[in-house]
Amino acid sequence: MHAPLDHFSKLSIDAVDAALEPALRARIDGKAKPPGSLGRLEDLAVQLGLIWHPAPPRTARAMVFVFAGDHGLAEDNVSPYPTSVTQAMVGAYLAGCAGMNVLARAAATEVCVVDAGINADLPPHPGLINRKIGYGTRNASREPAMTIDDARRALSASIAVVSDAIEGGVDIVAIGEMGIGNTTSAALLTHRLTGTPIDDCVGRGAGLDDAGVAHKRAIARMAAARTDATAPLEVLAEFGGYEIAMMAGAVLAAAAKRRPVVIDGFIASAAALVAVRLHPAARDYCVFSHRSAERGHAVLLGAMTATPYLNLGFRLGEGTGALMAVPLLRAAAGILTELADLSDVLAGRLGQTQ
């Protein structure tokens, strides 16, 4: 197993300079369009302008990081699927035939699959990065899912992976996950970090019926009653998964490197909330892609004052919602870098770039 340097404790994140926003909005209002006519895409353009300042936004290379890990909570039948599905789906990702791969191709986005803690040894593959912290977490209904040290190692591992990718030329980071049982883990993180009743955080996950949801809530209540931890790193260790910890690290890495990070649905948003509670300035770099159909996602969005750009009824995970938002980032950046100024159009100076 890998024991990375502690990139987490050395991390520094600067908030964007909000004082630049009025000038950016005035610049966008001066483009060859009625002011505000591109709606929330203009808001996204402003966010990208703030993130990349003083350079113009770049969006040519996007990469989705799909972190995979198993959960001890799955022993309690909180999912209709066995944990072996985690490994099987990773095989589908590497073969290029999963839902995530289809949408990644449509969005012209590269794929990076990371073994954060699958309960199996996977054969080497050029599309797979092995940063396994453990062979699945412990059962959070009975004991902490991981140690504080393991949580720090998971954060540090993904910070290193994503930082290396950015240094290699990645402009847009998107995050997704795979891990049977991880909606229960995300529900527990949501409950403890927001104070929302656990029953309001637990949903159907991968397709539970009413009886299954009732059982899942009972297991989640048992886990929640086991500890009163509230500090974000402790809460992550008590209830998180290795893949959730690594998504949180990916958010932190993107923020530290001043790159936008596109957040997927419920589970990725739980990871984003962990990241934001650890480093509040990381919120400036998060782009919330879509509103998941999973119960509890609205709670997370509210906690981070986030309004997602899409509402497609997705609840697959894997980064699929984040992938659908990547073209929006490219379009928003184009407002700043390609759209002509109205003054140039009216003066006949067409063809000049901004």
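All figures in this text were calculated on a predicted structure; none of them were measured in a lab.

Draft legend 1. Spotlight on the overall build of the protein. For the protein, the count of helices and strands is 13 helices and 6 strands. By the compact-globule yardstick of 20 Å for 354 residues, the protein fits well, its C-alpha radius of gyration being 20 Å. With respect to the principal axes defined by its C-alpha atoms, the protein has extents near 70 × 40 × 40 Å. Across the protein, the fraction of contacts at a sequence separation of at least 24, relative to all contacts at a separation of at least 6, is 75%. Of the accessible surface of the protein, which amounts to about 13600 Å², a share of 55% is contributed by carbon and sulfur atoms. Positive and negative charge centroids in the protein, built from 31 and 35 side chains respectively, lie 2 Å apart.

Draft legend 2. Molecular detail of the layout of surface pockets. A volume near 500 Å³ is recorded for the largest pocket. In terms of lining, the largest pocket is formed by 29 residues, of which the most central are Asn182, Gly205, Ala206, Arg315 and Leu316. A breakdown of the residues in the lining of the largest pocket according to their chemical character gives 11 nonpolar, 11 polar and 7 charged. Empty space within the second largest pocket amounts to approximately 330 Å³.

Draft legend 3. Structural view of unusual backbone geometry. Following His53, the chain continues into Pro54 via a peptide bond in cis, with omega recorded as 5°. The topology assignment puts Pro54 in the loop between helix H2 (40-52) and strand S1 (62-69). Unlike most non-glycine residues, Asn77 shows phi in positive territory, near 60°. With respect to the secondary-structure elements, Asn77 resides in the loop between S1 and helix H3 (84-95).

Draft legend 4. Here's a closer look at the nonpolar core. Of all hydrophobic cores here, the largest spans 121 residues; its most connected members are Phe65, Val173, Ile175, Val251 and Ile263. No other element matches helix H9 (residues 242-256), which puts 12 residues into this core. When residues no more than four places from it in sequence are discounted, the contact partners of Ile263 are Ile175, Val251, Ala268, Ser269, Ala272, Cys286, Val287, Phe288, Ser289 and Ala322.

Draft legend 5. A look at the pairing of strand S2 (residues 110-117). The buried count for S2 comes to 6 of 8 residues, which makes it a mostly enclosed element. Bridging between S1 and S2 involves 7 bridges; their strand directions are parallel. Following the sheet pairing, Val66 is matched in S2 by Val113. Two strands pair when backbone bridges link them, and S2 and strand S3 (residues 128-130) are joined in this way by 3 bridges, in the parallel orientation.

Draft legend 6. Up close: the pattern of salt bridges. In total, this model carries 16 salt bridges according to the counting rule given. Note that Arg25 is salt-bridged to Asp43, the shortest N-O span being 3.1 Å. Taken together, the residues Arg25 in helix H1 (residues 21-29) and Asp43 in helix H2 connect sequence positions 18 residues apart. Exposure remark for Arg25: the relative accessible area of 29% places this residue in the partly exposed category.

Draft legend 7. Representation of the side chain of Thr137 within the structure. Locating Thr137 in the fold gives a position in the loop between S3 and helix H5 (148-167). Given the relative accessible area of 10%, Thr137 is considered buried. Those residues in contact with Thr137, other than ones at most four positions away along the chain, are Asp70, His71, Gly72, Ala145, Met146, Gly240, Gly241 and Tyr242.

Draft legend 8. Focus on the packing of H5 against helix H8 (residues 232-239). At a minimum axis distance of 9 Å, the contact between H5 and H8 shows a crossing angle of 100°. By the criterion of interaxial angle, the relationship of H5 to H8 is roughly perpendicular. When H5 is examined against H8, the residues Ile148, Ala151, Arg152 and Leu155 are found in contact with a partner set consisting of Leu233, Glu234, Leu236 and Ala237. Per-class residue counts for the contact of H5 with H8 are 6 nonpolar, no polar and 2 charged.

Draft legend 9. Structural detail: the packing of helix H6 (residues 182-194) against H8. Contact geometry for H6 and H8: axes closest at 9 Å, N-to-C directions at 150°. Between H6 and H8, the crossing angle belongs to the class labelled roughly antiparallel. Regarding H6 and H8, the two cross each other, and that crossing is right-handed. Contacts from Ser185, Leu188, Leu189, Arg192 and Leu193 in H6 reach Pro232, Val235, Leu236 and Phe239 in H8. Among the residues making up the contact of H6 with H8, the classes are represented as 7 nonpolar, 1 polar and 1 charged.

How each quantity is defined
- Residues numbered from 1 in each chain as written.
- Predicted model: local features only at pLDDT ≥ 70, side-chain atom pairs only at ≥ 80, totals over all residues.
- Heavy atoms only, no water.
- Helix = DSSP H or I, 4+ residues; strand = E, 2+ residues; numbered from the N terminus.
- Rg over C-alpha atoms; globule rule 2.2 N^0.38 Å.
- Contact = heavy atoms within 4.5 Å.
- Areas by Shrake-Rupley, 256 points an atom, 1.4 Å probe, with all protein chains shown as cover.
- Lys, Arg positive; Asp, Glu negative; His and termini not counted.
- Charge placed at Lys NZ, Arg CZ, Asp CG, Glu CD.
- 1 Å grid on protein atoms, 1.4 Å probe; cavity = no way out; pocket = protein on both sides within 12 Å on 5 of 7 lines; lining within 4 Å.
- Points joined across faces, edges and corners; volume = space filled by probe spheres on them.
- Nonpolar A, V, L, I, M, F, W, Y, C, P; charged D, E, K, R; others polar.
- Core = buried A, V, L, I, M, F, W, Y, C linked by side-chain atoms within 4.5 Å.
- Buried < 20%, exposed > 50% of the residue type's maximum accessible area, 1.4 Å probe, protein only.
- Pairing = 2+ DSSP bridges.
- Salt bridge = Lys/Arg side-chain N within 4 Å of Asp/Glu carboxyl O.
- Axes fitted to C-alpha atoms, helices over the stretch in contact; angles between N-to-C directions.
- Parallel < 35°, antiparallel > 145°, perpendicular 65-115°, else oblique.
- Left-handed = near helix turned anticlockwise from the far one by under 90°.

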